[in-house]
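Structure at a glance
Given next are the chains, with one letter for each unit.
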Amino acid sequence: MLNPWTSIRMLLTATLVTLPAVAQERGRSGEEVYKQLCAVCHGDNGDGKGLIQLDRPARSFREGGFSFGNTKEAISRTVAAGIGGTPMPGFAAMLSDAELEAVAEYVITFGPKQPESPDAAMRLIVGRRPQVVRGYLPSIASGKKGHPRGLLVGTVDGLSWEYAADDLRLLAVRQGEFVSREDWKGRGGAPLKPLGRIVHLREGGEPTAEFVETPSARLSSRVMHPTAYRRVLKATEILDRRAWVESEVMEGETSIATVRESGEAFSLSTVAGYRRTFQVERHADNALHFFASSSPLGGELESVLIDSEGFLCFVPTGEDAGTAYLFQARTALDCTASDHGVSVKIPVGKVSTDFTVTVFPLPVGANESWEQIKKEVMP
Ligand code: HEC
């Protein structure tokens with residue numbers, strides 16, 4: 001039997017190859033873009049019954065009820081970024097801003113008129129600038145504790161980055177609307193209510209430390225292991241429409257490195273994901289590794305070296321699901337994928353190291369997506 005993923009990919013690849021030539025001639029109307037790129041999955045009339053029948057069906061636009069926001073701005077962001085962990089690809093590289101807006105307007109015409117949400121006044125919206133809020137973050141997954149010191153960053157592409165701020169770690173990436181709070185004036189009172197849907201829950205919502213001394217110490221390490229360095233939040237900064245989170249990596253009471261990180265949506269032609277950019281500045285020569293993921297759970301881990309500056313790795317979870325990680329740097333990287341997880345070694349004797357790690361949470365059909373990612377990323 002033909003895997004539905006294979007047919008989607010073939011169809012998409014065929015459309016992608018033929019389209020750009022048309023696009024350059026003139027901006028396409030919303031309807032044209034929709035018929036060419038979206039109808040295969042969402043159906044000609046927006047009912048979600050396209051040529052391709054997905055396991056996880058494409059949204060029917062006729063009923064309204066957009067879980068990632070229903071304004072023109074919100075929809076064009078969703079279309080640009082795609083939706084990680086689902087078959088909805090990102091179209092940022094393929095459509096101009098005008099075409100994104102046009103197709104968003106067209107999508108809105110399918111549905112009923114949307115009433116304004118009753119708690120609109122309590123919602124904080126990300127416009128052309130990222131937003132950063134701090135406060136109590138409720139439990140992110142069942143059985144997990146809330147975080148009294150939470151940090152939520154909303155970026156202009158419609159993603160939100162949910163961090164625990166004491167011993168800084170990224171818990172999850174969300175997508176959609178940003179955040180609401182019953183009382184914005186209260187001093188640290190009312191909890192934050194992140195509104196986006198989780199597209200990637202990191203390590204079940206309780207991720208282990210990302211900066212550690214030695215990979216092998218990590219197997220036995222949970223959060224408090226002595227060789228997992230503590231990370232102290234120092235500052236957040238908005239620069240050129242990006243949000244940066246700055247932290248110190250601590251050994252005892254001494255900072256051994258300053259880490260700045262910033263996130264954004266990132267997609268390849270058939271999968272959506274997100275990219276984190278790291279700038280690490282060393283103050284000491286301690287052994288230092290960055291872990292993008294802890295030990296794999298489901299099966300054989302597969303990794304490929306792209307060139308000296310890139311490394312691609314697939315961490316399966318279960319039979320046909322998993323996450324792909326892509327490391328990239330301007331200088332040679334020492335990357336490892338093993339039972340301990342997927343990591344990069346921060347070189348000693350170099351003051352600053354910059355790298356990016358791009359994460360593609362893959363839904364059912366992951367093996368197929370993985371093959372596609374390799375094809376697209378390898379030279
Ligand atoms: C490969 C199939 C596929 C293609 C092609 C595709 N989509 Fe989607 N789209 C999906 C799926 C599946 C979902 C639902 C994801 C989920 O929430 O589980 C979705 C969700 C969406 C949403 C989010 C709705 C919400 O809940 O807020 C929007 C908006 C959207 N698509 C618009 C588009 C537009 C516009 C295009 C063309 C430029 C397009 N899609 C092309 C599969 C596709």
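See the structure printed just above.
Attention in this report is confined to the structure presented alongside it. Every chain is numbered independently, its residues counted from 1 as its sequence is written. This being a predicted model, a pLDDT of at least 70 is required before a residue's local features are given, and a value of 80 or more before pairs of side-chain atoms are given or counted; all residues contribute to the totals for chains, interfaces and linings. Excluding hydrogens and water, the side-chain values take into account all heavy atoms of the structure.

1. Structural notes on the pattern of salt bridges
We count it as follows: We define a salt bridge as a side-chain nitrogen of Lys or Arg found within 4 Å of a carboxyl oxygen belonging to Asp or Glu. A run of H or I in DSSP counts as a helix once it spans at least four residues, and a run of E counts as a strand once it spans at least two, with each numbered from the N terminus.
Taken as a whole, this structure holds 18 salt bridges when the rule is applied. For Arg 231, the salt bridge goes to Glu 261, with nearest N and O atoms at 2.7 Å. Of this pair, Arg 231 sits in strand β10 (residues 230-239) while Glu 261 sits in strand β12 (residues 254-267), and the two are 30 residues apart along the sequence. Connected via shared salt-bridge partners are Arg 202, Glu 210, Arg 231, Glu 261 and Arg 276.

2. With respect to the site of the ligand
Heads up, the rule is: Distances are taken per atom, and a residue is near a molecule or strand as soon as one of its heavy atoms is within 4 Å of it. Contacts described as polar in this section are N or O atom pairs within 3.5 Å, which, within protein, must combine one atom able to donate a hydrogen with one able to accept it, while residues neighboring in sequence count only if both atoms come from side chains. Residue polarity follows a fixed list, in which Ala, Val, Leu, Ile, Met, Phe, Trp, Tyr, Cys and Pro are nonpolar, Asp, Glu, Lys and Arg are charged, and the others, Gly among them, are polar.
As a matter of local geometry, the ligand sits amid 28 residues, with Cys 38, Cys 41, His 42, Met 88 and Arg 197 nearest to it. Between His 42 and the ligand, the recorded distance is 2.8 Å, taken from a side-chain N or O atom to a nitrogen atom. The contact in question runs from an oxygen atom of the ligand to an N or O atom on the backbone of Ser 67, over 2.9 Å. Elements represented by at least two residues in the shell around the ligand include exactly α1 (4-25), α2 (30-42), α3 (72-81) and α4 (97-110). Considering each element in turn, the shell around the ligand owes the most residues, five residues, to α2. In terms of residue class, the shell around the ligand is built from 21 nonpolar, four polar and three charged.

3. A look at unusual backbone geometry
Despite not being glycine, Glu 203 shows a phi value in the positive range, around 45°. Considering the arrangement of structural elements, one finds Glu 203 in the loop between β8 (197-201) and β9 (211-212). At Asp 240, a residue that is not glycine, the phi angle is positive and equals roughly 45°.

4. Brief notes about the sheet that holds β10
Worth spelling out the cut-off: Pairing between strands is defined by DSSP: at least two bridges between them are needed. In this description, a line fitted to the C-alpha atoms serves as the axis of each element, helices being fitted only across the stretch in contact, and the angle between N-to-C directions of two axes falls anywhere from 0 to 180 degrees. In what follows, a contact means two residues having at least one pair of non-hydrogen atoms within 4.5 Å.
Judged by pairing direction, the sheet is antiparallel, and its eight strands sit side by side in the order β10-β11-β12-β13-β20-β17-β16-β15 without closing on themselves. Every other strand in the sheet has two partners, leaving β10 and β15 (302-307) as the edge strands with one partner each. On average, adjacent strands in this sheet sit at an angle of 20° to one another, irrespective of strand direction. Sheet analysis places strand β13 (residues 272-282) next to strand β20 (residues 352-362), joined by eight bridges and oriented antiparallel. The residue of β20 that forms the bridge with Arg 275 is Thr 358. Across the sheet, helix α5 (residues 366-377) is in contact with β15, β16 (310-316), β17 (322-329) and β20; its angle to β16 comes to roughly 175°.

5. Describing the side chain of Arg 202
Structurally, the position occupied by Arg 202 is in the loop between β8 and β9. In this structure, Arg 202 is in contact with Leu 170, Leu 171, Ala 172, Pro 207, Glu 210, Tyr 274, Arg 276, Phe 291 and Ala 292, ignoring residues within four places of it in sequence.

6. Focus: the packing of aromatic side chains
Here is the rule we go by: Pairing of aromatic rings covers Phe, Tyr and Trp, the last through its six-membered ring, and needs centres within 6.5 Å; plane angles under 30 degrees mean stacked, over 60 mean edge-to-face, and all others mean tilted. Categorising residues by exposure relies on relative accessible area from a 1.4 Å probe, with only protein chains included: less than 20% of the type maximum marks a residue as buried, more than 50% marks it as exposed, and the intermediate range marks it as partly exposed. Should the NZ of a Lys or the CZ of an Arg lie within 6 Å of a ring centre and within 35 degrees of the ring normal, that charge is described as sitting over the ring.
Taken as a whole, this structure holds 17 aromatic pairs when the rule is applied. Aromatic pair Phe 290 and Phe 327: ring centres 6.5 Å apart, planes at 85°, arrangement edge-to-face. Of this pair, Phe 290 sits in strand β14 (residues 289-293) while Phe 327 sits in strand β17, placing them 37 residues apart in sequence. On the accessibility criterion, Phe 327 (0% relative accessible area) is buried. Three or more aromatic residues link up through ring pairs in this structure, and these residues are Phe 211, Phe 278, Phe 290, Phe 311, Phe 327 and Phe 355. Taking NZ or CZ as reference, Arg 260 lies 4.9 Å from the ring centre of Trp 244, over its face. Sitting over the ring of Phe 266, Arg 275 keeps its end group 3.9 Å from the ring centre.

7. A look at the sheet that holds β14
Across a sheet, strands are paired by hydrogen bonds formed along the backbone, either parallel or antiparallel in direction. Spatial strand order, β9-β14-β19-β18: four strands in an open sheet with antiparallel pairing. At either end of the open sheet lies a strand with only one pairing partner, and these are β9 and β18 (334-338). Of the strand pairs in this sheet, β18 and strand β19 (residues 341-345) are connected by five bridges, and their pairing is antiparallel. Note that in β19 the partner of Asp 334 across the bridge is Lys 345.

What is shown is where atoms sit, not what they do.
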